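Listed here are the chains, written in short residue letters.
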Amino acid sequence: MTSSPTPGLTRFNAVADSAARTALHEICASRTWASALLAHRPYPDTAALCAASDTAMAALTPADLAEAMTGHPPIGRPTPGDAVSAREQRGMADAPAALQAEMLARNLAYQEKFGHVFLICATGLTAGQLYDAIRNRIDNTPEREREIVRTELGKINRIRLIRLAEGPREAAATPEPDDGGAPP
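Report follows, based on the coordinates. As the structure is a computational prediction, the values presented were derived from the model and not from experiment. (Residues numbered from 1 in each chain as written. Predicted model: local features only at pLDDT ≥ 70, side-chain atom pairs only at ≥ 80, totals over all residues. Heavy atoms only, no water.)

As a further point, take helix α1 (residues 7-14). In an α-helix there are 3.6 residues to a turn, and that puts residues three or four apart on one side. Taken together, the buried positions of α1 are occupied by Gly8, Leu9, Phe12 and Asn13. One side of α1 carries all its buried residues, which in axial view fall inside an arc of 135 degrees. In this structure, the buried side of α1 is in contact with α2 (17-27), α4 (46-59) and α10 (142-166). (Buried < 20%, exposed > 50% of the residue type's maximum accessible area, 1.4 Å probe, protein only. Helix = DSSP H or I, 4+ residues; strand = E, 2+ residues; numbered from the N terminus. Arc of directions from axis to C-beta. Contact = heavy atoms within 4.5 Å.)

Once that is clear, we can look at the packing of aromatic side chains. Scanning the model with the defined rule gives two aromatic pairs in all. Here the aromatic rings of Tyr110 and Phe114 are separated by 4.6 Å at their centres, their planes lie at 45 degrees, and the arrangement is tilted. With Tyr110 and Phe114 both in helix α8 (residues 97-114) and four residues apart, the pair spans about one turn of that helix. Overall, Phe114 belongs to the buried group, its relative accessible area being 13%. Centre to centre, the rings of Tyr110 and Phe118 are 5.3 Å apart; their planes meet at 80 degrees, and the pair counts as edge-to-face. Phe118 carries the same exposure label as Tyr110, and that label is buried. An aromatic cluster of at least three residues, connected via ring pairs, comprises Tyr110, Phe114 and Phe118. The side chain of Arg41 reaches across the aromatic face of Phe12, ending 5.5 Å from its centre. (Phe/Tyr/Trp six-rings, centres within 6.5 Å; stacked < 30°, edge-to-face > 60°. Lys NZ or Arg CZ within 6 Å of the ring centre and 35° of its normal.)

In this section: the nonpolar core. Of all hydrophobic cores here, the largest spans 44 residues; its most connected members are Leu24 and Trp33. Of all the secondary structure elements, the ones that give two or more residues to this core are α1, α2, α3 (31-39), α4, α5 (62-69), α8, α9 (127-137) and α10. With six residues, α10 is the single largest residue contributor to this core. Setting aside anything within four residues of it in sequence, one finds Leu24 in contact with Phe12, Trp33, Ala34, Leu37, Leu38 and Leu161. (Core = buried A, V, L, I, M, F, W, Y, C linked by side-chain atoms within 4.5 Å.)

Worth remembering: the numbers are spatial, not functional.
In structure tokens, the structure reads:
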């Protein structure tokens, strides 16, 4: 069953490529991913947009994934002044200081091992769940972790794309993601 485009998706389909690319870059820092989504506009509905994202995500090279992760601050350290980053990481916001400190230490160890931030779709996860995830994932091989990151990034992108498609009526192509990952 196909639904009609939402107002946000209609605007996204209609804006110039440069504005659409800017909106997509706010969702995911991978230029390859954004180009793939731009190539298939207009989208008939949000499901088609999300399916295109999934296809583009599956095709990303390790270098593309690395580029995508540059848009995501570490869990527990949202980008200062960025309300989206703060919302996405709200699971760590009220964690006890000791857990926040331990998460920072785990983040640093993870980055040392894998060369990138710990990426997880943090929507609905508590500080304890985020901590358990990083603790469990640090023992993965780089190849296994790259595929987990691909899956988590895909989840984050879907949440953000749905926000874009539902998006604020007054903005032409500016996404308003609410929940996503660490970082994002």
